[in-house]
Amino acid sequence: MAHRTGQAPLATTLARGLDTVLDRTIAPGYTKLGLGLRRRLPTWPADPAPDALRGRIAAVTGATSGLGLATAEGLARLGASVRLVVRNVEKGEQVRAELLERVPGADLVVDRCDVGDLDDVRRAAAAIDAALDGRTLDVLVHNAGVMPPERTLSPQGHELSMAVHVLGPVLLTDLLRDRLAASSDAADPDDPAPSGARVVFVTSGGMYAQALRVDDLEYDAAPANYSGTTAYARSKRAQVELLPSLTARWAPEHVSVAAMHPGWADTPGVVDSLPGFHKLTGPVLRDAAGGADTAVWLGAVEPAPPSGALWHDRRVRPTSLLRRTRPSAADRRALWDWVQENAGLD
């Protein structure tokens, strides 16, 4: 849907106000009703051009189902060559075949990577770098997710939610910096605002209920009281609070970073991990494509969105709604120090 220009200031102000009300009240803003209403507002941003990603390469982790699959399909429909970064290669190949039926002629490749295993992340990054053979990586979407019912450790001994949602994605991105930086080098020199590579973290609105627990990032203090949903939300809070540090780290390569939350989407992960929530909200949940819309948009829209922001339904959103969940600068520095140490960043 094209953005409607020339709107009266009052209409635009009212539309923005309604959008904000939908966001702050959560329901119905996170449902398919909120998305449908926002798409009809005069402030809804324009879709990317149909061939916006022609000749570009994108990678999506956790691309075998749900939001990851929808994101991969959305990027492919815009012309991108898409690398499906998955744990299960056999399932990845099945998904690749299904996508080719829906997007004939798409260029799709399957890469194996267990994002929660930092050793495997290093192996996969080297393999992807070699496969690209000097070509650019223009879009990297971190979608892989877990919500274990019991406290589970990664091969390196990290709480699994933090390993999959924070340590693995940051390390994978950092190891691919040369390929991401090449995207900036390949930008059109005649473009007054050439786009560099874009990194997108798929986070969760559930993080709004959790503070950044730098005193207990991995649920060590009370493992017997472990809650999978709380650990998940804490790790998603950490993703968002890392945005300033990641923006600063990757800015020299002109790599932008964003986080987006999909609202409430009907995905296999929700069915498996939150059956009660799914049963209660099922009729109003977004489909996977609706949940993935902003991730695809962030990867393709021109000019590039500003780096370091949290997005929902194509608009920048606040990272905290409650005073008690708003971290201090010292908390953010402590988180970044922990990530650097445990991901083994230089």
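Position numbers for residues count from 1 along each chain, tracking the sequence in the order it is written. Residues qualify for local features only when their pLDDT is at least 70, as the model is predicted, and side-chain atom pairs are given and counted only at 80 or more; totals for whole chains, interfaces and linings, by contrast, use all residues. Think of the side-chain values as coming from all heavy atoms in the structure, minus any hydrogens and water.

The name recorded for the protein chain in an unreviewed UniProt entry is NAD(P)-dependent dehydrogenase (Short-subunit alcohol dehydrogenase family), from Nocardioides zeae.

*Asks:* In this structure, what is going on with the overall build of the protein chain? I would like to understand it.
*Replies:* Only DSSP runs of H or I with at least four residues qualify as helices, and only runs of E with at least two residues qualify as strands; both kinds are numbered from the N terminus onward. Counting its regular elements, the protein chain contains 13 helices and eight strands. A globule of 346 residues ought to have a C-alpha radius of gyration of about 20 Å, and the protein chain, at 19 Å, matches this closely. The contact criterion used throughout is that any non-hydrogen atoms of two residues lie within 4.5 Å. Counting only contacts in the protein chain whose residues sit at least 6 apart along the sequence, the fraction spanning at least 24 positions is 75%. The Shrake-Rupley method, run with a 1.4 Å probe sphere, supplies the accessible areas, and residue values consider only the shown protein chains as cover. Accessible area for the protein chain stands at about 15000 Å²; split by element, carbon and sulfur atoms hold 54% of it. With the radius of gyration taken over C-alpha atoms, the globule rule is written as 2.2 Å times the number of residues to the power 0.38.

*Asks:* Explanation requested: the pairing of strand β1 (residues 57-61) in the structure shown.
*Replies:* Consecutive residues of a regular strand have side chains that alternate between opposite faces of the sheet. Judged by how many residues are buried, β1 sits mostly within the fold: five of five residues are covered. The pairing criterion for strands is at least two bridges between them, as found by DSSP. Where β1 meets strand β2 (residues 81-86), five bridges bridge the pair, whose relative direction is parallel. Opposite T61, over in β2, you have V85 as the bridge partner. Note on handedness: a clockwise path from strand one over the helix to strand two, with the strands aimed away from the viewer, defines a right-handed crossover. Note that the unit made of β1, helix α3 (residues 66-77) and β2 has a crossover that is right-handed. Remark: exposure states derive from per-residue accessible area (1.4 Å probe, protein chains only) relative to the maximum for the residue type, with buried under 20%, exposed over 50%, and partly exposed in between.

*Asks:* Just checking my understanding: could you explain the sheet that holds strand β8 (residues 315-317) for this structure?
*Replies:* Backbone hydrogen bonds are what pair the strands of a sheet, in a parallel or an antiparallel way. If you walk across this open sheet you meet the eight strands as β3-β2-β1-β4-β5-β6-β7-β8, and the pairing is mixed. Every other strand in the sheet has two partners, leaving β3 (108-112) and β8 as the edge strands with one partner each. For this sheet the average axis-to-axis angle between neighbouring strands, irrespective of direction, equals 25°. All axes are obtained by fitting lines to C-alpha atoms, using only the stretch in contact for helices, and the reported angles, taken between N-to-C directions, cover 0 to 180 degrees. Along the sheet, helix α4 (residues 89-102) contacts β2 and β3; its crossing angle with β3, the most-contacted strand, is approximately 165°.

*Asks:* Where do I start with the nonpolar core in this structure?
*Replies:* For soluble globular proteins, nonpolar side chains are generally found buried alongside one another. By nonpolar core is meant a set of buried Ala, Val, Leu, Ile, Met, Phe, Trp, Tyr and Cys residues that side-chain atoms within 4.5 Å join together. Among the nonpolar cores identified, the biggest contains 48 residues, and V170, V199, L242, L246, L335, W338 and V339 are the most heavily contacted of them. Listing elements by their share of this core, those giving two or more residues are β1, α5 (118-132), α6 (160-175), β5 (198-202), α8 (228-241), α9 (243-250), β6 (256-260) and α13 (329-343). Element by element, the count of residues in this core is highest for α6, at eight residues. Membership of the second largest hydrophobic core comes to 35 residues, among which are A58, A63, L75 and V301.

*Asks:* Could you clarify how one ought to interpret helix α1 (residues 9-24) in this entry?
*Replies:* Helical periodicity: at 3.6 residues per turn, an α-helix aligns residues three or four positions apart in one direction. The span one expects for a helix is its residue count, reduced by one, times 1.5 Å. With 16 residues, α1 extends 22 Å between its outermost C-alpha atoms, agreeing within 8% with the 22 Å of an ideal straight helix rising 1.5 Å per residue. Those residues of α1 that sit buried are T12, A15, D19, L22 and D23. Down the axis, α1 shows its buried residues gathered within 100° of arc, on one side only. Among the exposed residues of α1, those oriented more than 90 degrees off its buried face are P9, L10, T13 and L14. Buried residues in α1 make contact with α2 (32-38), β7 (310-312) and β8. Of the residues flanking the end of α1, it is I26, one or two places downstream, whose phi is positive at about 65°. Working note: the arc is built from the helix axis to C-beta atom directions.

*Asks:* Would you take a moment to explain the pattern of salt bridges for this structure?
*Replies:* Two side chains that carry opposite charge are able to pair once their charged atoms sit near each other. Here a salt bridge means any side-chain nitrogen of Lys or Arg lying within 4 Å of a carboxyl oxygen belonging to Asp or Glu. Tallied over the entire structure, the rule returns 26 salt bridges. With its nearest N and O atoms 3.5 Å apart, the salt bridge here joins R177 to D174. The network of salt bridges with shared partners includes D19, D23, R24, R38, R286, D313, R315 and R317.

*Asks:* Before we go on, may I ask you to explain a nonpolar patch on the surface in this structure?
*Replies:* The patches described consist of residues with a relative accessible area above 30% and no salt bridge, like charges being joined within 9 Å and nonpolar side chains (Val, Leu, Ile, Met, Phe, Trp, Tyr) within 5 Å. Among the surface-exposed residues, L18, V21 and L37 lie close enough to one another that they form a single nonpolar patch of about 220 Å² accessible area. With respect to the helices, strands and loops of the structure, L18 is situated in helix α1.

*Asks:* Looking at this structure, I do not really get the side chain of R198. What am I missing?
*Replies:* Tracing the sequence through the fold places R198 in strand β5. Looking at R198, the relative accessible area reads 3%, which means it is buried. A distance of 3.0 Å separates a polar side-chain atom of R198 from the backbone oxygen of L298. Aside from chain neighbours lying at most four places away, what touches R198 is D138, V139, L140, S256, L298, G299, A300, V301, E302, P303, A304 and P305. Under this definition, polar contacts are N or O atom pairs within 3.5 Å; protein pairs additionally need one hydrogen-donor-capable and one acceptor-capable atom, and for neighbouring residues in sequence, both atoms have to be side-chain atoms.

*Asks:* Mind showing me how you'd approach the environment of L118 here?
*Replies:* One can find L118 in helix α5. Look at L118 and you get buried, because its relative accessible area is 2%. Considering only alpha carbons, one finds L118 and A163, 45 residues apart in sequence, at a separation of 8.0 Å. Residues in contact with L118, not counting those within four places in the same chain, are Q156, H158, L167, G168, L171, N342 and A343.

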